[in-house]
Protein chains: 2
Amino acid sequence: MTDASPPRRRRAGGRAANTARASAHAIDQQPWRLPRNNDRPTEPLPPEGVEAIHRGAMRILSEIGIEFLNNEAVSHLREAGCKTEGQTVFFDPEFVEEMIARAPETFTVTPRNLDRKLVMGGDYMVFGNVSSPPNAWDLERGKRPGDMESYVEFIKLTQYFNCIHFAGGYPVEPIDVHASVRHLDCLFEKLTLTDKVAHAYSLGAERVDDVMEMVRIAGGLTDAEFEATPRMYTNINSVSPLKHDFPMLDGAMRLARRGQPVVVTPFTLAGAMAPVTLSGAVSLSIAEGLAAIALLQWIAPGCPVAIGTFTSNVDMKSGAPAFGTPEYMRATQMTGQMARYYKLPMRASGVCAANVPDGQAMWETSNSLWAGVQAGANMIYHAAGWLEGGLIASPEKFVMDCEVLQQIQRYFEPEMLGTSEDDLAFDAIREVGPGGHYFGCQHTQDRYQDAFYGPFMSDWRNFEAWRLDGAVWTAERAHKTYKAILDEFEPPPMDIAIRDELADFVARRKSEGGAPTDF
Amino acid sequence: MTDASPPRRRRAGGRAANTARASAHAIDQQPWRLPRNNDRPTEPLPPEGVEAIHRGAMRILSEIGIEFLNNEAVSHLREAGCKTEGQTVFFDPEFVEEMIARAPETFTVTPRNLDRKLVMGGDYMVFGNVSSPPNAWDLERGKRPGDMESYVEFIKLTQYFNCIHFAGGYPVEPIDVHASVRHLDCLFEKLTLTDKVAHAYSLGAERVDDVMEMVRIAGGLTDAEFEATPRMYTNINSVSPLKHDFPMLDGAMRLARRGQPVVVTPFTLAGAMAPVTLSGAVSLSIAEGLAAIALLQWIAPGCPVAIGTFTSNVDMKSGAPAFGTPEYMRATQMTGQMARYYKLPMRASGVCAANVPDGQAMWETSNSLWAGVQAGANMIYHAAGWLEGGLIASPEKFVMDCEVLQQIQRYFEPEMLGTSEDDLAFDAIREVGPGGHYFGCQHTQDRYQDAFYGPFMSDWRNFEAWRLDGAVWTAERAHKTYKAILDEFEPPPMDIAIRDELADFVARRKSEGGAPTDF
């Protein structure tokens, strides 16, 4: 076997792994911070294009209407003055605009560790783990249905990486735990193994209320304290086209009433659940999103909300969903323009269609993440670990994505852009002179430690050094890193009394049967 | 072996390869076109930052000076009124600005196939092959010194892909051909196997004159026709810091006098050959670039030139050069601001430090290519095939990069951004209604064939279909595609008399000993 061959497992261990184990930490990562994106957004639409999509969305809302498969929601909207026919609600544009204007442009979310508080909106951009794949895949075990062991691994990665700012949905669905109590076990692990902002699935009243209660307990909060400011969030998806289903609306209303944020993210695949044209798909997405936001602002004026985008396209030959495509990028940027038009915080995603963490995975993911940056998105879902259009969570991909996320964080640092006399380095240029070298000069010595981004996953050695060390491809290096991280993982501190209270709550709710599974 | 393992060669053939062979073409690629980038550039510097870098560059030029290791160049500049000390030339800012103002903002380059004419400048963005690696690497043969067999393979890929607009430097250095006649053999292959804009290395009078003569012959041009408009180009690099060497200046002056474009690209690695600060490295790069451009505009007023950027950073722990980093991205964007300030066409690059075409290779390359887009760069060197900081050319990477380049081309298409009544698809949204599907509706049927980007390298199938077909990772798929392309390659047509004249010229110049190799 030569270096020409792709990596094999048996070449993986050895020197690099030993080095990693010998050092104090599996990786040398950037500190926690909330990245701020000061780039002027990329705006593919002219102002009249933004107006056209707005008018398109308003026509959908007022003339076609949105189905709310939730009678409580329908009756609220009827009380608000909306025309209804069965479960279809027609929205007057003035009503929608009045409701949207109630939403805050920016809000905070405060988890049990106050140092992990997030800002949502403005120029902030925060990243979360992959959420909701039914399957896990790694280089050692291959593809398999999600289980609690894998779930816990991903939760540990979510906590470990400082560039992951919130713990989104289940990074993999642990189907070895019964659905009636799964949320109890999952949230117990999430709230004890992480101290970051947590998410609740809007999948039935009991689950939503249980999760809010567990977040309250984990934070050591009274009910009043919990409701005083955002402590967690949910994300709801419409059933595109033109529908919101019962449990999502129910959960969203429960959170909104208690002051907890709701992200509304239609999943509009152009050519399948949405028009084949991007502006058609975006206007449908905006209409569905604003419909839910209008409902929430009616029942809980000023409640924190964000508008999400999940507009991509299908492969028109096979119907397969595609992600990180040029169309995905433009739709994300267009939605960014609409979010600013409505003055709403925006969610986007890090996505790919690739099945394994290879070249395709990284160009698709890079496309989607840079589109998020260019769109001025505030919250990036699935930013680490996503494969196969969201059907697979991979720890190697998680680690590789975190390298890209760290680079985006570094990219945002204004320190890089200084043009002071010192930055311009005129004296150093004179001192070094023609043909000289800058390694040794004082200007370099004063700055070299923090001058440049330091990777933990990119291998910058030349080919010969890389080959001598086993010729390990990126995915294989990521596998070793993920294992090393799990080896050294330590959960964040938690008061033992709070942990006991959480455990008691879980035990009691399990003894009561958990949540019904027939919704 | 399970699907969890990285791909092995022996799993590569089979169904997919047979399918590829059975179809008319190895891949279904986008047609030739000149991409136009209408995105507003990302501008990390405020206007006063641009002014500061300009003033920094002018101070370097006027107070420190640039060494021109070419007496002819020094005497031209002395005649122009510049102060000189030995080979160091000091430039008055007014002189520099006057000279820059002579350069055209936009120019064309016309190769032997008039349909392959390029526009350089404005909103155009064209891509070229990897240039100048000493080594080749592929999955089958591993790493090896460049030879003519590999050179010809890359030249064929350069011609084959419509998203590669110009044939840059040697995609790999064929060291099995003696340096005295290498340029003759290389240009013969390039000019017969491609019909795209070709490049001449500025490495000695004989080489430069030979290549100009061969381009003239290949185009069936008289001397006057050759000189009437740009037909080819050269790229020169400064010897940073603060030096231009003899052969580069000599070649640049030879081309400029005959109206052929010169791209001036300092290679300023921050922390090594340039200050550790980005604005310091960029101001040094700009100073070196403008110095050469001022010379060329003095001796050949209005000659076509472009300013290049190759500002990146080193790993401060090892000194290894890094590429596609956040610093690289910002330096590229900053240089874009400076190029617009000086109204000069701009060159950037597609680069990575990775040794193999894996995940790291693609996130680094994606970073650099998107930085080129954000910078408004007009010409992207090394856009396909680059590995190991430019020391390796890889056909798999070439093919993978072309998928990314095609996506960038698609990303630029204004058709995606329409917001007409038809685009907004209100009637289709009403027709499909809630919970329906858009596959079958007329609005989709009318548009589906061209609605979305169709990949040739991305595999959008689900995991099971992908596994059944051999679980082939991207690099392995790219290997098969590259082989299939070579199998079906046909050179572009060339008049037999012109081909004979080219062959005769090569034979004659070889009999004369080619070019001296002691420069």
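Residues numbered from 1 in each chain as written. Chains lettered and ligands numbered in written order. Predicted model: local features only at pLDDT ≥ 70, side-chain atom pairs only at ≥ 80, totals over all residues. Heavy atoms only, no water.

Notes on the overall build of chain A
Summing up its helical and strand segments, chain A has 19 helices and 21 strands in all. In summary, chain A has a C-alpha radius of gyration of 24 Å against a globular reference of 24 Å for 519 residues, a match within 12%. Taken over 519 residues, chain A has a buried fraction of 68%. Of the roughly 16,700 Å² of accessible surface on chain A, a fraction of 50% belongs to carbon and sulfur atoms. Side chains of chain A give 49 positive and 68 negative charges; the mean places of these two sets differ by 3 Å. (Helix = DSSP H or I, 4+ residues; strand = E, 2+ residues; numbered from the N terminus. Rg over C-alpha atoms; globule rule 2.2 N^0.38 Å. Buried < 20%, exposed > 50% of the residue type's maximum accessible area, 1.4 Å probe, protein only. Areas by Shrake-Rupley, 256 points an atom, 1.4 Å probe, with all protein chains shown as cover. Lys, Arg positive; Asp, Glu negative; His and termini not counted. Charge placed at Lys NZ, Arg CZ, Asp CG, Glu CD.)

A look at the pattern of salt bridges
This model, assessed by the stated rule, comprises 72 salt bridges over all chains. Across the pair R40 of chain A and E43 of chain B runs a salt bridge, and its minimum N-O distance is 4.0 Å. Of the two residues, R40 of chain A sits in the loop between α1 (14-22) and α2 (47-64) while E43 of chain B sits in the loop between α1 (14-22) and α2 (47-64), which places them in two different chains. You can call R40 of chain A partly exposed: its relative accessible area is 43%. For R141 of chain A, the salt bridge goes to E153 of chain A, with nearest N and O atoms at 3.1 Å. (Salt bridge = Lys/Arg side-chain N within 4 Å of Asp/Glu carboxyl O.)

What about the side chain of R509 of chain B?
All names here are of chain B. Relative to the assigned elements, R509 resides in helix α20 (residues 496-511). Residue classification places R509 among the buried positions, given a relative accessible area of 9%. Side chain to side chain, R509 and E512 meet in a polar contact 2.8 Å long. Other than its neighbours up to four places away in sequence, R509 contacts L184, E206, D210, G514 and A515. (Polar contact = N/O pair within 3.5 Å; in protein donor to acceptor, adjacent residues only side chain to side chain. Contact = heavy atoms within 4.5 Å.)

Here we look at helix α7 (residues 205-218) of chain A
Structurally, the α-helix is built with 3.6 residues per turn, so residues lying three or four positions apart point the same way. Residues and elements named next belong to chain A. Its 14 residues place the ends of α7 20 Å apart at the C-alpha level, agreeing with the 20 Å of an ideal helix rising 1.5 Å per residue. Among all positions of α7, only R207, V208, D210, V211, M212, M214, V215, R216, I217 and A218 are buried. A positive phi of about 65° marks G220, the residue just after α7. (Expected span 1.5 Å × (residues − 1).)

Side note on the sheet that holds strand β14 (residues 269-270) of chain B
Residue and element names in this part refer to chain B. What the three strands build is an open sheet, ordered β14-β16-β17; its pairing is mixed. Lying at the two open borders of the sheet, with one neighbouring strand each, are β14 and β17 (321-322). Relative to β17, strand β16 (residues 312-314) runs antiparallel, the two sharing two bridges. Each bridged residue has a counterpart across the sheet, and for V314 the counterpart in β17 is P321. (Pairing = 2+ DSSP bridges.)

Some points on the interface of chain A and chain B
Counting residues at the interface gives 122 residues for chain A and 122 residues for chain B. Surface buried jointly by chain A and chain B totals about 10,500 Å² across both partners, of which 65% is contributed by carbon and sulfur atoms. Three residues, W363, F452 and W460 of chain A, lead the burial of chain A against chain B; their summed loss comes to 9% of the area buried on that side. Where chain A touches chain B, the interface holds 12 salt bridges. The shortest N-O distance in the salt bridge between R59 of chain B and E421 of chain A comes to 3.5 Å. For the pair chain A and chain B, the interface holds 51 residue pairs in polar contact (both at pLDDT 80 or more). Here the element with the most residues in the side of chain A that touches chain B is helix α12 (residues 359-375) of chain A; it accounts for nine residues. For the side of chain A that touches chain B, the per-class residue count stands at 60 nonpolar, 32 polar and 30 charged. (Buried area = accessible area lost by both parts, 1.4 Å probe. Nonpolar A, V, L, I, M, F, W, Y, C, P; charged D, E, K, R; others polar.)

Structural notes on the side chain of R477 of chain B
Looking at where R477 of chain B falls in the secondary structure, it is placed in helix α19 (residues 474-488). A polar contact of 2.8 Å, which involves the side chain of R477 of chain B, links it to the backbone oxygen of V472 of chain B. Ignoring any residue separated from it by four or fewer positions in sequence, one finds R477 of chain B in contact with D358 and Q360 of chain A together with M457, S458, D459, W466 and V472 of chain B.

Describing the relation of the copies chain A and chain B
For these two chain copies, the linking operation is a rotation about an axis paired with a shift along it. Rotating chain A by 180° about the axis while translating it 0.0 Å along that axis superimposes it on chain B, leaving an RMSD of 0.0 Å. The relationship between the two copies is best expressed as a two-fold rotation axis. Relative to the rotation axis, the closest C-alpha in chain A is found at G359 of chain A, a distance of 2.2 Å. (Least-squares fit on C-alpha atoms with pLDDT ≥ 70 in both.)

Notes on the state of the cysteines
For the coordinates displayed, the defined rule picks out zero disulfides over all chains. Free of any disulfide, C163 of chain A has its nearest neighbouring cysteine sulfur in C402 of chain A, separated by 3.8 Å. (Disulfide = S-S within 2.5 Å.)

Observations regarding the pairing of strand β8 (residues 142-145) of chain B
Residue and element names in this part refer to chain B. Sheet analysis places strand β7 (residues 135-138) next to β8, joined by four bridges and oriented antiparallel. Opposite N135, over in β8, you have P145 as the bridge partner. Connecting the antiparallel pair β7 and β8 is a turn made up of three residues.

Structural notes on α12 of chain A
All names here are of chain A. Helix length check: α12 (17 residues) gives 24 Å between terminal C-alpha atoms against 24 Å at 1.5 Å per residue, within 8%. Among the 17 residues in α12, 17 count as buried, and that is most of the element. For α12, the N-terminal cap is D358; the gap from its side-chain oxygen to the backbone nitrogen of Q360 is 3.4 Å.

Concerning the environment of V215 of chain A
All names here are of chain A. In this fold, V215 is placed in helix α7. Judged by relative accessible area, which is 9%, V215 ranks as buried. C-alpha separation for the pair V215 and V263, spaced 48 residues apart in sequence, amounts to 18 Å. If near-sequence neighbours (up to four positions away) are discounted, V215 is found in contact with L191, F226, R231 and M232.

Notes on the packing of aromatic side chains
With the rule as written, the count across this model stands at 41 aromatic pairs over all chains. A centroid spacing of 5.2 Å and a plane angle of 50° characterise the contact between F463 of chain A and W466 of chain A, whose relative ring orientation is tilted. Taken together, the residues span about one helical turn, with F463 of chain A and W466 of chain A both in helix α17 (residues 463-468) at a distance of three residues. Residues F463 of chain A and W466 of chain A agree in their burial class; the two are buried. Ring pairing ties together the aromatic residues F154, Y160, F161, F398 and F456 of chain A, which thus form one cluster. One residue, R59 of chain A, lies across the ring of F426 of chain B, its end atom 3.7 Å from the ring centre. (Phe/Tyr/Trp six-rings, centres within 6.5 Å; stacked < 30°, edge-to-face > 60°. Lys NZ or Arg CZ within 6 Å of the ring centre and 35° of its normal.)

Looking at the nonpolar core
Residues F68, F91 and F161 of chain A together with F68, F91 and F161 of chain B are the most contacted members of the largest nonpolar core, which totals 341 residues. Among all residues touching F161 of chain B, those that are not within four sequence positions of it are I27, Q29, K196, F398, V399, C402, F456 and I485 of chain B. (Core = buried A, V, L, I, M, F, W, Y, C linked by side-chain atoms within 4.5 Å.)

A look at the sheet that holds strand β1 (residues 66-68) of chain B
Strand pairing in a sheet relies on backbone hydrogen bonds, with the paired strands running either antiparallel or parallel. All names here are of chain B. Strands sit in the order β2-β3-β1-β12 across an open sheet of four strands; the sheet is mixed. Of all strands in the sheet, those with a lone pairing partner are β2 (83-85) and β12 (243-244), marking the two edges. Relative to β12, β1 runs parallel, the two sharing two bridges. Paired with E67 across the two strands is K243, which belongs to β12. Running over the sheet, α2 touches β1 and β3 (88-90) and is turned about 120° from β3. Taken strand by strand, helix α3 (residues 71-79) contacts β1, β2 and β3, and its axis lies near 125° from that of β1. (Axes fitted to C-alpha atoms, helices over the stretch in contact; angles between N-to-C directions.)

Structural notes on the packing of helix α7 (residues 205-218) of chain B against helix α9 (residues 246-257) of chain B
Residue and element names in this part refer to chain B. For the pair α7 and α9, interaxial distance at closest approach is 9 Å and the crossing angle is 30°. What the angle tells us is that α7 and α9 run roughly parallel. For α7 against α9, the interelement crossing comes out right-handed. The residues of α9 that touch α7, namely those facing A205, V208, D209 and M212, are D250, G251, R254 and L255. Tallied by class, the residues present in the contact of α7 with α9 amount to four nonpolar, one polar and three charged. (Parallel < 35°, antiparallel > 145°, perpendicular 65-115°, else oblique. Left-handed = near helix turned anticlockwise from the far one by under 90°.)

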